[in-house]
Amino acid sequence: MMKEYAPACDRNSRVILDILKPILARSRCVLEIGSGTGQHAVYFAEGLPHLQWQPSNKESLGSINAWREASQLQNISPAISLDLLSPVDEQLSSLTDVDAMVCINTIHIMAWQGTEKLFELASEILPIGGVIYVYGPYRYSDQPLEPSNESFDLWLKNRDQASGIRDFDVVNCLAKQAGFELQGDIAMPANNRSIWWQKT
Ligand SMILES: C[S@@+](CC[C@H](N)C(=O)[O-])C[C@H]1O[C@@H](n2cnc3c(N)ncnc32)[C@H](O)[C@@H]1O
(Lines give C-alpha, C1' and ligand atoms only; values in the text may rest on other atoms or scores of the structure.)
Protein backbone atom coordinates (compact mmCIF):
# COMPACT_ATOMS: atom_id res chain seq x y z
CA MET A 1 0.00 0.00 0.00
CA MET A 2 1.23 3.49 -0.90
CA LYS A 3 1.55 6.36 1.52
CA GLU A 4 -1.43 8.66 0.98
CA TYR A 5 -0.88 12.37 1.31
CA ALA A 6 -3.17 15.08 2.75
CA PRO A 7 -1.87 18.63 2.17
CA ALA A 8 -3.74 19.84 5.30
CA CYS A 9 -1.43 17.71 7.44
CA ASP A 10 1.57 19.66 6.14
CA ARG A 11 -0.17 22.88 7.13
CA ASN A 12 -1.31 21.90 10.62
CA SER A 13 1.15 19.26 11.93
CA ARG A 14 3.69 21.68 13.41
CA VAL A 15 1.15 23.95 15.12
CA ILE A 16 -0.69 20.94 16.57
CA LEU A 17 2.57 19.39 17.78
CA ASP A 18 3.46 22.64 19.57
CA ILE A 19 0.14 22.43 21.44
CA LEU A 20 0.46 18.70 22.15
CA LYS A 21 3.97 18.87 23.65
CA PRO A 22 2.95 20.29 27.04
CA ILE A 23 -0.44 18.52 27.05
CA LEU A 24 1.12 15.08 26.52
CA ALA A 25 4.32 15.71 28.48
CA ARG A 26 3.36 13.15 31.14
CA SER A 27 1.53 10.69 28.86
CA ARG A 28 3.03 7.39 27.83
CA CYS A 29 0.68 5.85 25.28
CA VAL A 30 -1.64 7.81 22.99
CA LEU A 31 -4.54 6.37 21.02
CA GLU A 32 -5.25 8.43 17.91
CA ILE A 33 -8.77 8.11 16.53
CA GLY A 34 -9.32 8.75 12.80
CA SER A 35 -5.64 8.72 11.84
CA GLY A 36 -6.38 9.37 8.14
CA THR A 37 -3.27 9.07 5.97
CA GLY A 38 -0.93 8.42 8.92
CA GLN A 39 1.11 11.61 8.40
CA HIS A 40 0.15 13.00 11.82
CA ALA A 41 1.04 9.73 13.55
CA VAL A 42 4.59 9.84 12.15
CA TYR A 43 5.04 13.55 12.78
CA PHE A 44 3.79 13.39 16.37
CA ALA A 45 5.61 10.17 17.23
CA GLU A 46 8.84 11.76 16.02
CA GLY A 47 8.16 14.99 17.92
CA LEU A 48 7.09 13.20 21.12
CA PRO A 49 9.70 10.44 21.44
CA HIS A 50 8.86 9.75 25.11
CA LEU A 51 5.52 8.16 24.20
CA GLN A 52 4.08 5.31 22.15
CA TRP A 53 1.67 6.39 19.40
CA GLN A 54 -1.21 4.01 18.57
CA PRO A 55 -2.91 5.07 15.33
CA SER A 56 -6.38 3.80 14.41
CA ASN A 57 -8.88 4.32 11.65
CA LYS A 58 -12.24 3.19 10.44
CA GLU A 59 -10.82 2.22 7.05
CA SER A 60 -7.62 2.20 4.96
CA LEU A 61 -5.02 1.23 7.52
CA GLY A 62 -2.59 0.60 4.62
CA SER A 63 -1.45 4.19 4.24
CA ILE A 64 -0.93 4.64 7.99
CA ASN A 65 1.21 1.51 8.09
CA ALA A 66 3.13 2.61 4.97
CA TRP A 67 4.01 5.94 6.66
CA ARG A 68 4.92 4.03 9.83
CA GLU A 69 7.22 1.61 8.01
CA ALA A 70 8.90 4.37 6.01
CA SER A 71 9.57 6.37 9.19
CA GLN A 72 11.33 3.42 10.88
CA LEU A 73 10.20 4.93 14.19
CA GLN A 74 9.95 2.44 17.04
CA ASN A 75 7.34 4.41 18.97
CA ILE A 76 4.44 3.97 16.51
CA SER A 77 2.41 0.80 16.84
CA PRO A 78 0.78 -0.84 13.80
CA ALA A 79 -2.56 0.83 13.07
CA ILE A 80 -5.67 -0.82 14.46
CA SER A 81 -9.14 -0.82 12.97
CA LEU A 82 -11.48 1.27 15.12
CA ASP A 83 -14.86 2.48 13.87
CA LEU A 84 -16.69 4.53 16.49
CA LEU A 85 -20.01 3.78 14.83
CA SER A 86 -19.55 0.02 15.27
CA PRO A 87 -19.17 -1.96 18.48
CA VAL A 88 -15.57 -1.38 19.59
CA ASP A 89 -15.50 -3.64 22.64
CA GLU A 90 -13.38 -6.29 20.98
CA GLN A 91 -10.62 -3.66 20.50
CA LEU A 92 -10.46 -2.72 24.17
CA SER A 93 -8.19 -5.59 25.23
CA SER A 94 -5.35 -4.16 23.07
CA LEU A 95 -5.73 -0.67 24.55
CA THR A 96 -4.90 -1.28 28.20
CA ASP A 97 -1.79 0.97 28.23
CA VAL A 98 -3.49 3.99 26.67
CA ASP A 99 -3.41 7.08 28.90
CA ALA A 100 -4.31 9.80 26.35
CA MET A 101 -6.46 10.13 23.24
CA VAL A 102 -6.17 12.44 20.23
CA CYS A 103 -8.88 12.97 17.61
CA ILE A 104 -8.13 15.43 14.79
CA ASN A 105 -10.65 16.63 12.19
CA THR A 106 -12.92 13.65 12.75
CA ILE A 107 -15.76 14.79 15.06
CA HIS A 108 -17.40 16.81 12.26
CA ILE A 109 -17.01 13.92 9.81
CA MET A 110 -18.73 11.19 11.86
CA ALA A 111 -22.42 11.06 12.74
CA TRP A 112 -22.99 12.47 16.25
CA GLN A 113 -23.15 8.97 17.78
CA GLY A 114 -19.43 8.68 16.93
CA THR A 115 -18.63 11.60 19.26
CA GLU A 116 -20.78 10.05 21.98
CA LYS A 117 -18.82 6.83 21.55
CA LEU A 118 -15.52 8.73 21.58
CA PHE A 119 -16.15 10.07 25.09
CA GLU A 120 -17.66 6.78 26.25
CA LEU A 121 -14.48 5.03 25.12
CA ALA A 122 -12.28 7.71 26.71
CA SER A 123 -14.16 7.29 29.98
CA GLU A 124 -13.72 3.53 29.78
CA ILE A 125 -10.03 3.28 28.90
CA LEU A 126 -8.28 6.40 30.26
CA PRO A 127 -6.97 6.50 33.82
CA ILE A 128 -7.77 9.39 36.16
CA GLY A 129 -5.75 12.37 34.90
CA GLY A 130 -5.82 10.97 31.33
CA VAL A 131 -6.23 13.54 28.56
CA ILE A 132 -8.45 13.66 25.50
CA TYR A 133 -7.52 16.25 22.85
CA VAL A 134 -9.62 17.20 19.82
CA TYR A 135 -8.82 19.52 16.91
CA GLY A 136 -11.17 20.98 14.32
CA PRO A 137 -13.84 23.64 13.72
CA TYR A 138 -16.53 24.32 16.37
CA ARG A 139 -19.62 26.53 16.80
CA TYR A 140 -19.86 28.85 19.82
CA SER A 141 -23.18 30.14 21.13
CA ASP A 142 -21.90 33.70 21.61
CA GLN A 143 -20.53 34.22 18.09
CA PRO A 144 -21.54 33.50 14.49
CA LEU A 145 -19.76 30.72 12.67
CA GLU A 146 -16.92 32.10 10.56
CA PRO A 147 -17.87 32.36 6.82
CA SER A 148 -15.26 29.74 5.86
CA ASN A 149 -16.68 27.31 8.43
CA GLU A 150 -20.27 28.13 7.38
CA SER A 151 -19.42 27.05 3.81
CA PHE A 152 -17.53 24.01 5.11
CA ASP A 153 -20.53 22.98 7.21
CA LEU A 154 -22.85 23.25 4.19
CA TRP A 155 -20.41 21.22 2.12
CA LEU A 156 -20.22 18.55 4.83
CA LYS A 157 -24.02 18.30 5.14
CA ASN A 158 -24.53 18.12 1.37
CA ARG A 159 -22.17 15.18 1.38
CA ASP A 160 -23.55 13.49 4.50
CA GLN A 161 -26.52 14.92 6.41
CA ALA A 162 -25.32 13.26 9.64
CA SER A 163 -21.99 15.12 9.60
CA GLY A 164 -21.38 18.79 10.38
CA ILE A 165 -19.59 21.24 12.64
CA ARG A 166 -20.53 20.56 16.27
CA ASP A 167 -21.47 22.98 19.05
CA PHE A 168 -18.66 23.45 21.55
CA ASP A 169 -21.19 23.61 24.43
CA VAL A 170 -22.77 20.29 23.45
CA VAL A 171 -19.42 18.54 23.11
CA ASN A 172 -18.20 20.04 26.39
CA CYS A 173 -21.41 18.89 28.12
CA LEU A 174 -20.88 15.37 26.74
CA ALA A 175 -17.29 15.43 28.02
CA LYS A 176 -18.45 16.54 31.49
CA GLN A 177 -21.07 13.79 31.61
CA ALA A 178 -18.34 11.29 30.74
CA GLY A 179 -16.24 12.50 33.68
CA PHE A 180 -13.88 14.98 31.98
CA GLU A 181 -12.99 18.53 32.96
CA LEU A 182 -12.15 21.15 30.34
CA GLN A 183 -8.45 22.10 30.46
CA GLY A 184 -8.08 24.33 27.42
CA ASP A 185 -9.75 25.68 24.29
CA ILE A 186 -7.57 27.78 22.04
CA ALA A 187 -7.82 29.25 18.54
CA MET A 188 -5.74 27.63 15.84
CA PRO A 189 -5.04 28.67 12.21
CA ALA A 190 -7.85 28.48 9.63
CA ASN A 191 -10.63 28.85 12.24
CA ASN A 192 -9.90 25.57 13.97
CA ARG A 193 -9.71 24.95 17.71
CA SER A 194 -7.53 22.85 19.99
CA ILE A 195 -9.67 21.61 22.90
CA TRP A 196 -8.66 19.20 25.63
CA TRP A 197 -10.09 17.68 28.78
CA GLN A 198 -8.71 15.66 31.68
CA LYS A 199 -10.44 12.74 33.36
CA THR A 200 -11.32 13.64 36.92
C1 LIG B 1 -11.01 14.44 7.61
S2 LIG B 1 -10.28 12.92 7.99
C3 LIG B 1 -9.06 13.42 9.17
C4 LIG B 1 -7.91 12.50 9.17
C5 LIG B 1 -6.73 12.94 10.05
N6 LIG B 1 -7.07 12.94 11.46
C7 LIG B 1 -6.24 14.30 9.63
O8 LIG B 1 -6.47 15.28 10.35
O9 LIG B 1 -5.66 14.37 8.54
C10 LIG B 1 -11.49 12.10 8.99
C11 LIG B 1 -11.04 10.77 9.54
O12 LIG B 1 -12.11 10.24 10.33
C13 LIG B 1 -12.18 8.86 10.10
N14 LIG B 1 -13.52 8.40 10.47
C15 LIG B 1 -14.69 8.65 9.85
N16 LIG B 1 -15.70 8.03 10.46
C17 LIG B 1 -15.16 7.37 11.52
C18 LIG B 1 -15.69 6.51 12.51
N19 LIG B 1 -16.98 6.21 12.52
N20 LIG B 1 -14.85 6.00 13.45
C21 LIG B 1 -13.53 6.30 13.42
N22 LIG B 1 -12.96 7.10 12.48
C23 LIG B 1 -13.77 7.62 11.54
C24 LIG B 1 -11.88 8.72 8.62
O25 LIG B 1 -11.51 7.41 8.29
C26 LIG B 1 -10.73 9.72 8.50
O27 LIG B 1 -9.51 9.12 8.82
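In this report, we go over the structure that sits alongside the text. The structure presented is a predicted model; accordingly, all values stated were derived computationally and were not measured.

Spatially, the seven strands line up as an open sheet ordered 3-2-1-4-5-9-8, and their pairing is mixed. Two strands lie at the open edges of the sheet, namely strand 3 (80-81) and strand 8 (180-188), each paired on one side alone. Of the pairings in the sheet, the one linking strand 8 to strand 9 (residues 192-199) comprises eight bridges and is antiparallel in character. For Asp 185, the partnering residue across the bridge sits in strand 9 and is Ile 195. Those strands touched by helix 1 (residues 7-23) are strand 2 (52-57), strand 4 (100-104), strand 5 (131-136), strand 8 and strand 9, and its axis lies near 160 degrees from that of strand 5.

Among the six residues of strand 2, five are classified as buried, and the element is accordingly described as predominantly covered. Of the pairings in the sheet, the one linking strand 2 to strand 3 comprises two bridges and is parallel in character. Bridge pairing links Ser 56 to Ile 80 in strand 3. With helix 3 (residues 61-71) bridging strand 2 and its parallel neighbour strand 3, the resulting β-α-β unit is right-handed.

Attention now goes to unusual backbone geometry. Positive phi, normally seen in glycine, also occurs at Ser 60, with a value near 40 degrees. Along the polypeptide, Ser 60 turns up in the loop between strand 2 and helix 3. The partly exposed category is assigned to Ser 60, whose relative accessible area is 35%. Here the phi dihedral of Asn 105 falls at roughly 50 degrees; this positive angle occurs in a residue that is not glycine. Summarising the element assignment, Asn 105 is placed in the loop between strand 4 and helix 4 (112-125).

The tendency in soluble globular proteins is for nonpolar side chains to be buried side by side. Counting 31 residues, the largest nonpolar core has Leu 31, Met 101 and Leu 118 as its most contacted members. Secondary-structure elements contributing two or more residues to this core are strand 1 (29-33), strand 4, helix 4, strand 5, helix 6 (168-177) and strand 9. Top element by residues in this core is helix 4. It accounts for five residues. Setting aside its immediate chain neighbours within four residues, Leu 31 contacts Gln 54, Ser 56, Ile 80, Leu 82, Leu 95, Val 98, Ala 100, Met 101, Val 102, Leu 121 and Ile 125. Leu 20, Phe 44, Tyr 135 and Trp 196 belong to the second largest nonpolar core, which has 24 residues in total.

What follows covers the packing of aromatic side chains. Scanning the entire structure with this criterion turns up six aromatic pairs. With a centroid separation of 6.3 Å and an interplanar angle of 70 degrees, the aromatic rings of Phe 119 and Phe 180 are classed as edge-to-face. Of this pair, Phe 119 sits in helix 4 while Phe 180 sits in strand 8, placing them 61 residues apart in sequence. Pairing Phe 119 with Trp 197 gives two aromatic rings, centres 5.3 Å apart and planes at 90 degrees, and the pair type is edge-to-face. Of the two residues, Phe 119 sits in helix 4 while Trp 197 sits in strand 9, which places them 78 residues apart along the sequence. For Phe 119, a relative accessible area of 0% translates into the label buried. Each member of the aromatic cluster is reached from another via a ring pair, and the members are Tyr 43, Phe 44 and Trp 53. Sitting over the face of the ring of Trp 67, Lys 3 holds its NZ or CZ atom 4.6 Å from the ring centroid.

Where helix 4 contacts helix 6, the axes come no closer than 9 Å and their chain directions differ by 35 degrees. In this structure, helix 4 meets helix 6 at a crossing whose hand is right-handed. The residues of helix 6 that touch helix 4, namely those facing Trp 112, Thr 115, Glu 116 and Phe 119, are Val 170, Val 171, Leu 174 and Ala 175. The residue makeup of the contact of helix 4 with helix 6, split by class, is six nonpolar, one polar and one charged.

Bringing helix 3 into the picture now. If you check which residues of helix 3 are buried, you get Ser 63, Ile 64, Asn 65, Ala 66 and Trp 67. Next to the buried residues of helix 3 lie helix 2 (39-47) and strand 2.

Analysis parameters
Residues numbered from 1 in each chain as written. Predicted model: local features only at pLDDT ≥ 70, side-chain atom pairs only at ≥ 80, totals over all residues. Heavy atoms only, no water. Pairing = 2+ DSSP bridges. Helix = DSSP H or I, 4+ residues; strand = E, 2+ residues; numbered from the N terminus. Contact = heavy atoms within 4.5 Å. Axes fitted to C-alpha atoms, helices over the stretch in contact; angles between N-to-C directions. Buried < 20%, exposed > 50% of the residue type's maximum accessible area, 1.4 Å probe, protein only. Right-handed = clockwise from strand over helix to strand, strands pointing away. Core = buried A, V, L, I, M, F, W, Y, C linked by side-chain atoms within 4.5 Å. Phe/Tyr/Trp six-rings, centres within 6.5 Å; stacked < 30°, edge-to-face > 60°. Lys NZ or Arg CZ within 6 Å of the ring centre and 35° of its normal. Left-handed = near helix turned anticlockwise from the far one by under 90°. Nonpolar A, V, L, I, M, F, W, Y, C, P; charged D, E, K, R; others polar.

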